[in-house]
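Breakdown of the fold
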Amino acid sequence: MFLFSPRVPRGHALIFLGLWCGLAAAAQAGPVLKVLEPRGAQQGQVFTLTLKGEGLTPGAEINTTLPGSLSRLAPSRDLTTPESELPFLVQLKEDARVGLYPIRIRTDEGLSNVLLFSVGTFPEVIETESLLPTVANKELEKGSNDTPATAQRLVLPVTVNGTLVGPDQDYYRFAAKAGERLVFEVEARRDGSAIDPVVRVLDGSGRELASNNDALGLGVDARVEVSFAKTGDYYVLVHDAKYSDQEQNFYRLKIGSYAYAEGFFPLGWQRGGTVDVSLFGGNLKAPVKVKPNLALPASQNYVPVSLPGGASLPFQLVLGDLPEILEPAEVSAVKSEAVYTLPPATVVNGRISHPGEVDKYRLNVSPGQHWTFEVQAATLGTSRLDAFLSLYDPKTNKPLALADLLDKDDPYKQLIEAGKIVVQRLSYTVPNDVREVIVAVEDLLGRGGLNYSYRLLASEQPADFSLEVATPFVNIPVHGTTAIEVMVKRRGYLGPIHLSIPDLPEDIVQEGGDFPAENNPQMGARPGYITLTAKAEAKRRSFPISVWGEAVSANPPLRRKASVTGMVTAVKGTDQKPFQAPWLDSTLPVAVAKAVPLTLETPNRHIRLPQGRRYELQWKLIKPSQMTAPLKVYPRASYFLKDFLVERKKVEKESEYPTEGMLKLTTSLTTPAVTFDLILDGVGQGGDEYRGEKLVTARAVTVEIVPLYELKLLSEKLEIKRGQKLGLPGKVQREPGFDGVIRVRAEGLPEQVSCPEVVIAGDQNDFRLVFAASPDAKAGEFEVHLGSSATVPERKEQQDYIIPELKARLVVSAETVPVQAAK
């Protein structure tokens, strides 16, 4: 049992240290952005942008792609909380593209989180109620817009910047003419807000004319278009679908007459290529084609696509590096039973155009090949297709049993057998009698239409894995350390993975990155870690990095780049996924921040720990003598190990706030022999292993759990003639203190070839296996397995200790010699 992972029960491996938390927190924590005022602006306008949060020092550097100029303004002298606001004067360009632009700051403390700023085409106003103090919002009706009687008057066209608090309902009054058509669109989740907006349009009497929750092409955001029969006053109402109380609770309500699309096709294309993207649906009379610029750097995996002159936010088209094609036109034109060629290593952009349609593709394969099939659709956020992927037998044109297609160790297999997963990825090893397979794509519920697009890829490759960095940015204190958590999801590959960051600056040191092999993988992702340490002479600055993972035992070699989240907004509620913006960038931003006046150190950063043994890992906190407040230290690691325990070593008369201590690492004889990384974090007062600010982190400690002994052969290949006896010398490499008796035996020998078991005494390390081939032995080359077992004197159970077998090649020559003694 692995007791110190952050995903195990609280209370294990808890160590109390002493430090001055206030000073450390200020030094290690980067600035925090909580609010932008306003959340958006009209093209070409001049306005004051106020950043609100924590640690916003006057000299902060603002990082943004906003198209325009920014001038720093003096912060207000009336701030109740110092360093909580930063004002800027912004002049947007007249031709600024409608869209979302990231804003973050960098101070001596490091980088802040990202917030998104929206540029639009309409004049902008702020909801009056959101400007009121919190007490006035609750106690006064003046300025409130919670009822039709107190609705805020709007002049159209307009974009309203508002907020929702719990059961809040925001009413707005506007005038419309007979025959006028208006679009009501709410930006919220797309902008990084946590609310799920609903928009309702009412007549003057309060009767609902139209409403929407989750519009096509907008995710959970809302949009509705209304044609007004009479001239007069009307209302539009905005509220959260769940009336939830969210920290990021803003929205932007757009009202005007404008064209909008509900989808686009294809969903992606190859970087540097050219393609006509068709925007369709909404209030368009016919699809509109645009040709986006795809000549973008490798750091960008998406490109915005929108209607020329449109008022809605752009869609995000995926950029890939493989060749891409469109499905044959006849596939999407009518429901067809035809089967079309699927080129390997090429992304096919297709569409389930009609309910009940199944798109089928033929792929030529060869026995023994390992293929991976993957389809992207609803997971991209730009398609309604809940894609279901299957393989067909070309002889019978019937689907094959999905569970039979997966490798026996694939963690998806058990969920497929239980009917608990929608299959969007398959890995398949081609049997001896198969030369062709049919790949089919359909909607899980049998739906279809213009918005049911997909991206299909077939690749000949071994088992795979994927990586995702768990944090959207990283701050490293000078002469300090930060751990980067990388979530590893296996896709059939079960061997060890090494994580690394190429092209790091010389003043940054990386350590760790060892993710162990798994014999019994489970669904979901597991964490791996890399620590980055800034040397004492490191300069304070920011730079991008990319995290890569390499399959250590894969053949051919397999490398994967970790994806990044861009930004993360927490969404409160049951089964609510956080908002992420992977379209922002594919690199991870890193900043070197000012030094923290404390360091957590371990004297040994590589531990070789034999199975069944213990190791005492010392730690020490280096700090100024005046620091005396409590800090908790929690270990975390890249693996859940069977029969592996980490616990605090108790000492007599321990100081209330010790500055050094020891962890006991305990293994058993059945603990897997793997290599992984151990991370120690100091968490601020009041925190625990699940939450709390990490104030100090030690450099990664690599733990290598090894067998008590290892067998080494002089040669891995033995050539023997019929009638001959040959000896194969070997050596035992014992871990210190192990003197058990070892038995070595050869298994899997061909007929008429023998090899007696060898017994190696506890005080011996050399051995010799004697192979004898009879005159009638079968000639050929064979794989021989060398198994071994040992007695462990201190083991109470009468059970042999076994290590993994060795493999050797035995070649029996067709030449026969007189029977002879062993050489």
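The structure presented is a predicted model; accordingly, all values stated were derived computationally and were not measured. (Residues numbered from 1 in each chain as written. Predicted model: local features only at pLDDT ≥ 70, side-chain atom pairs only at ≥ 80, totals over all residues. Heavy atoms only, no water.)

Here the focus is the overall build of the protein. Looking only at helices and strands, the protein has five helices and 68 strands in total. Within the protein, the proportion of its 823 residues that are buried is 51%. Of the roughly 37,200 Å² that the protein leaves accessible, carbon and sulfur atoms contribute 50%. (Helix = DSSP H or I, 4+ residues; strand = E, 2+ residues; numbered from the N terminus. Buried < 20%, exposed > 50% of the residue type's maximum accessible area, 1.4 Å probe, protein only. Areas by Shrake-Rupley, 256 points an atom, 1.4 Å probe, with all protein chains shown as cover.)

Ordered in space as E38-E49-E44, the three strands form an open sheet in which the pairing is mixed. The outermost strands of the open sheet, each flanked by one partner alone, are strand E38 (474-477) and strand E44 (542-545). Ignoring which end each strand starts from, the neighbouring axes of this sheet average 30 degrees apart. As paired strands, E44 and strand E49 (residues 588-593) are joined by four bridges and run antiparallel to one another. Paired with Ser542 across the bridge in E49 is Ala591. (Pairing = 2+ DSSP bridges. Axes fitted to C-alpha atoms, helices over the stretch in contact; angles between N-to-C directions.)

Our next topic: the pairing of strand E36 (residues 453-460). Across the eight residues that make up E36, a large majority, six, are buried. Of the pairings in the sheet, the one linking strand E31 (residues 370-376) to E36 comprises six bridges and is antiparallel in character. Bridging across to E36, Trp371 finds its partner in Glu460.

This paragraph deals with the environment of Gly219. With respect to the helices, strands and loops of the structure, Gly219 is situated in the loop between strand E17 (208-213) and strand E18 (222-227). Judged by its relative accessible area of 44%, Gly219 falls in the partly exposed class. Along the backbone, Gly219 and Arg384 are 165 residues apart, and their C-alpha atoms lie at a distance of 9.5 Å.

Side chains of a nonpolar character, in soluble globular proteins, are inclined to be buried together. Among the nonpolar cores identified, the biggest contains 33 residues, and Tyr709, Ile742, Phe767, Leu769, Phe771 and Tyr801 are the most heavily contacted of them. When contributions to this core are tallied by element, the ones reaching two or more residues are strand E59 (709-713), strand E60 (717-722), strand E61 (725-734), strand E62 (742-747), strand E64 (758-760), strand E65 (766-773), strand E66 (780-790) and strand E68 (806-816). Not counting residues within four places of it along the chain, the set of residues in contact with Leu769 comprises Leu726, Gly727, Leu728, Val744, Cys755, Pro756, Val758 and Leu786. Val486, Ile530, Ala534 and Val547 belong to the second largest nonpolar core, which has 32 residues in total. (Core = buried A, V, L, I, M, F, W, Y, C linked by side-chain atoms within 4.5 Å. Contact = heavy atoms within 4.5 Å.)

Our next topic: the packing of aromatic side chains. Aromatic ring pairs are defined here through the distance separating the ring centres and the angle between the ring planes. For the structure shown, the criterion picks out 13 aromatic pairs. Between Phe174 and Phe228 the ring centres are 5.8 Å apart and the planes differ by 75 degrees, which places this aromatic pair in the edge-to-face class. Taken together, the residues Phe174 in strand E14 (residues 169-176) and Phe228 in the loop between E18 and strand E19 (232-240) connect sequence positions 54 residues apart. Since its relative accessible area comes to 0%, Phe174 is described here as buried. The ring of Phe265 carries the charged tip of Arg351 above its face, separated from the ring centre by 4.4 Å. The ring of Tyr392 has Lys360 lying over it, and the distance from NZ or CZ to the ring centre is 4.3 Å. (Phe/Tyr/Trp six-rings, centres within 6.5 Å; stacked < 30°, edge-to-face > 60°. Lys NZ or Arg CZ within 6 Å of the ring centre and 35° of its normal.)

Okay, the sheet that holds E17 next. The strands making up a sheet associate through hydrogen bonds between their backbones, and the pairing can be parallel or antiparallel. If you trace the five strands from one edge of the open sheet to the other, you get E12-E14-E19-E16-E17, paired in mixed fashion. Of all strands in the sheet, those with a lone pairing partner are strand E12 (152-153) and E17, marking the two edges. In terms of strand pairing, E12 meets E14 through two bridges, oriented parallel. The partner of Arg153 across the bridge, within E14, is Arg173.

For the structure on display, the rule yields six cavities of 30 Å³ or more. Quantified by volume, the largest cavity comes out at close to 120 Å³. Lining the largest cavity are 15 residues, with Ala261, Leu307, Ser312, Leu313 and Phe315 sitting closest to its centre. Split by residue class, the lining of the largest cavity holds ten nonpolar, three polar and two charged. (1 Å grid on protein atoms, 1.4 Å probe; cavity = no way out; pocket = protein on both sides within 12 Å on 5 of 7 lines; lining within 4 Å. Points joined across faces, edges and corners; volume = space filled by probe spheres on them. Nonpolar A, V, L, I, M, F, W, Y, C, P; charged D, E, K, R; others polar.)

Attention shifts here to the pattern of salt bridges. As enumerated under the stated definition, the model contains 43 salt bridges in all. The salt bridge involving Arg181 is made with Glu225; its shortest N-O contact spans 3.6 Å. Of the two residues, Arg181 sits in strand E15 (residues 181-187) while Glu225 sits in strand E18, which places them 44 residues apart along the sequence. With a closest N to O distance of 3.2 Å, Asp196 and Lys242 form a salt bridge. Residue Asp196 is located in the loop between E15 and strand E16 (197-202), and its partner Lys242 is located in the loop between E19 and strand E20 (250-256); the two are separated by 46 residues in the primary sequence. What makes Lys242 partly exposed here is its relative accessible area of 49%. (Salt bridge = Lys/Arg side-chain N within 4 Å of Asp/Glu carboxyl O.)

Its place among the elements puts Arg252 in strand E20. The exposure class of Arg252 is buried, given its relative accessible area of 0%.

Further remarks concern the layout of surface pockets. One number sums up the size of the second largest pocket: a volume of about 1,200 Å³. Around the second largest pocket, the lining comprises 40 residues; the ones closest to its centre are Gln611, Pro672, Ala673, Val674 and Pro804. Contributions of two or more residues to the lining of the second largest pocket are made by strand E58 (701-706), E59, strand E67 (801-802) and E68. Among the elements that make up the lining of the second largest pocket, the one with the highest residue count is E59 (five residues).

Here we come to the side chain of Thr667. Along the polypeptide, Thr667 turns up in strand E55 (residues 660-667). Side-chain polar atoms of Thr667 contact the backbone oxygen of Pro610, separated by 3.2 Å. At a separation of 2.8 Å, a polar atom in the side chain of Thr667 contacts the main-chain amide nitrogen of Gly612. (Polar contact = N/O pair within 3.5 Å; in protein donor to acceptor, adjacent residues only side chain to side chain.)

Bringing unusual backbone geometry into the picture now. A cis amide bond links Glu37 to the next residue, Pro38, at an omega of -5 degrees. Assignment of secondary structure puts Pro38 in the loop between strand E2 (32-37) and strand E3 (40-42). Residue Phe265 is joined to Pro266 through a cis peptide bond whose omega torsion reads 0 degrees. Looking at the element boundaries, Pro266 is found in the loop between strand E21 (263-265) and strand E22 (268-270). Unusually for a residue other than glycine, Glu83 sits at a positive phi of about 55 degrees.

With that out of the way, let us pick up a nonpolar patch on the surface. The grouping of Val46, Leu73 and Leu89 at the surface amounts to a nonpolar patch, some 220 Å² of accessible area in total. By the element assignment, Leu89 lies in strand E7 (residues 85-92). (Patch = residues over 30% accessible without salt bridge, like charges linked within 9 Å, V, L, I, M, F, W, Y side chains within 5 Å.)

A few words on the pairing of strand E32 (residues 387-393). Looking along a regular strand, one sees the side chains alternate between the two faces of the sheet. Judged by how many residues are buried, E32 sits mostly within the fold: five of seven residues are covered. Strand direction decides the pairing type here: E32 and strand E35 (residues 436-443), joined by six bridges, are antiparallel. Within E35, the position partnered with Ser390 by the bridge is Ala440. With two bridges connecting them, E32 and strand E33 (residues 398-399) associate as antiparallel partners. Residue pairing in the sheet places Asp393 in a bridge with Lys398 of E33. Following E32, the chain reverses through four residues before pairing antiparallel with E33; Asn397 in that reversal takes a positive phi of roughly 60 degrees.

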